[in-house]
Amino acid sequence: MQETKIKMPHSLVMEDRRSLSITGVSDVDSFDESTIIVFTDLGELTVRGSDLHIRNLNTEAGEVSLEGKISSLSYADNAVKETGFFSRVFR
């Protein structure tokens, strides 16, 4: 039996580049004071800035709230990137 994945609605709400609320989050990959990486159905979202802190995390509801000085938001596709020796040789 194949498991069907239910997609959550995805949205971003930023206030004054100091507060960010994200919905549709399936997991948090990593975080520190300068970078937070979260997984969404639309791709990997990287939030960069300074003094970043996760204020609220609820992966069951797919919600993350963070605060700090936000300087950039960027998405990467869900595709796994090949970084091995042979993937560089056979481009």
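Just so you know, the residues in each chain are numbered from 1, in the order the chain's sequence is written. Given that the model is predicted, a residue must reach a pLDDT of at least 70 before its local features are reported, and side-chain atom pairs must reach 80 or more before they are shown or counted; all residues, however, enter totals for whole chains, interfaces and linings. Just so you know, side-chain values use all the structure's heavy atoms and leave hydrogens and water out.

Caption draft 1: Structural context of the pairing of strand E5 (residues 43-58). Two strands qualify as a pair provided that DSSP identifies no fewer than 2 bridges between them. Segments assigned H or I by DSSP are reported as helices when at least four residues long, segments assigned E as strands when at least two residues long, and all are numbered from the N terminus. Pairing of strand E4 (residues 35-40) with E5 involves six bridges; the strand directions are antiparallel. In the sheet register, Val38 faces E5, and the bridge partner there is Leu45. Here E4 hands over to E5 after two residues, the two strands then running antiparallel side by side. As paired strands, E5 and strand E6 (residues 63-76) are joined by twelve bridges and run antiparallel to one another. Residue pairing across strands places Arg48 opposite Ser72, the latter belonging to E6.

Caption draft 2: Layout of the side chain of Asp41. Mapped onto the elements, Asp41 comes out in the loop between E4 and E5. With relative accessibility at 15%, the residue Asp41 sits in the buried group. Here's how the labels work: a residue is buried when its accessible area is under 20% of the maximum for its type, exposed when over 50%, partly exposed in between, all with a 1.4 Å probe on protein chains only.

Caption draft 3: Local environment of the nonpolar core. By size, the foremost hydrophobic cluster in this structure holds twelve residues: Leu20, Ile22, Val25, Val28, Ile36, Val38, Leu45, Val47, Leu52, Val64, Leu66 and Ile70. Those elements that provide at least two residues to this core are strand E2 (19-23), strand E3 (25-31), E4, E5 and E6. Contacts: residue pairs with any heavy atoms within 4.5 Å of one another. If sequence neighbours within four positions are ignored, Val47 has contacts with Leu20, Ser34, Thr35, Ile36, Leu52, Leu66, Ile70, Ser72 and Leu73. Side-chain atoms within 4.5 Å are what join buried Ala, Val, Leu, Ile, Met, Phe, Trp, Tyr and Cys residues into a set we call a nonpolar core.

Caption draft 4: Representation of the environment of Asp27. Tracing the backbone shows Asp27 in strand E3. What makes Asp27 partly exposed here is its relative accessible area of 38%. Sequence separation of Asp27 and Glu44 is 17 residues, and the distance between their C-alpha atoms is 9.7 Å. Residues contacting Asp27, with those up to four places away along its chain left out, are Val38 and Phe39.

Caption draft 5: Expanded view of the pattern of salt bridges. For this analysis, a salt bridge means a side-chain nitrogen from Lys or Arg found within 4 Å of a carboxyl oxygen belonging to Asp or Glu. Applying the stated criterion across every chain yields a total of one salt bridge. Its salt-bridge partner being Glu67, residue Arg55 comes within 3.5 Å of it at the nearest N-O pair. In this pair, Arg55 is assigned in strand E5 and Glu67 in strand E6, connecting sequence segments twelve residues apart. Looking at Glu67, the relative accessible area reads 34%, which means it is partly exposed.

Caption draft 6: The confidence of the model for the protein chain, seen in detail. pLDDT is a per-residue confidence score from the predictor, ranging from 0 to 100. This prediction gives the protein chain a mean pLDDT of 85; 78% of its residues lie at or above 70. Here helix H1 (residues 85-89) is the element of the protein chain with the lowest mean pLDDT, 53, and E2 is the one with the highest, 97.

Caption draft 7: Region of the structure containing the sheet that holds E6. Taken in spatial order, the six strands line up as E1-E2-E6-E5-E4-E3 in an open sheet, and their pairing is antiparallel. One side of each edge strand has no neighbouring strand; the edge strands of this open sheet are strand E1 (11-15) and E3. Taken pair by pair, the neighbouring strands of this sheet meet at an average axis angle of 35 degrees, ignoring direction. The angle between two axes is taken between their N-to-C directions and runs from 0 to 180 degrees, where each axis is a line fitted to C-alpha atoms and a helix contributes only its stretch in contact.

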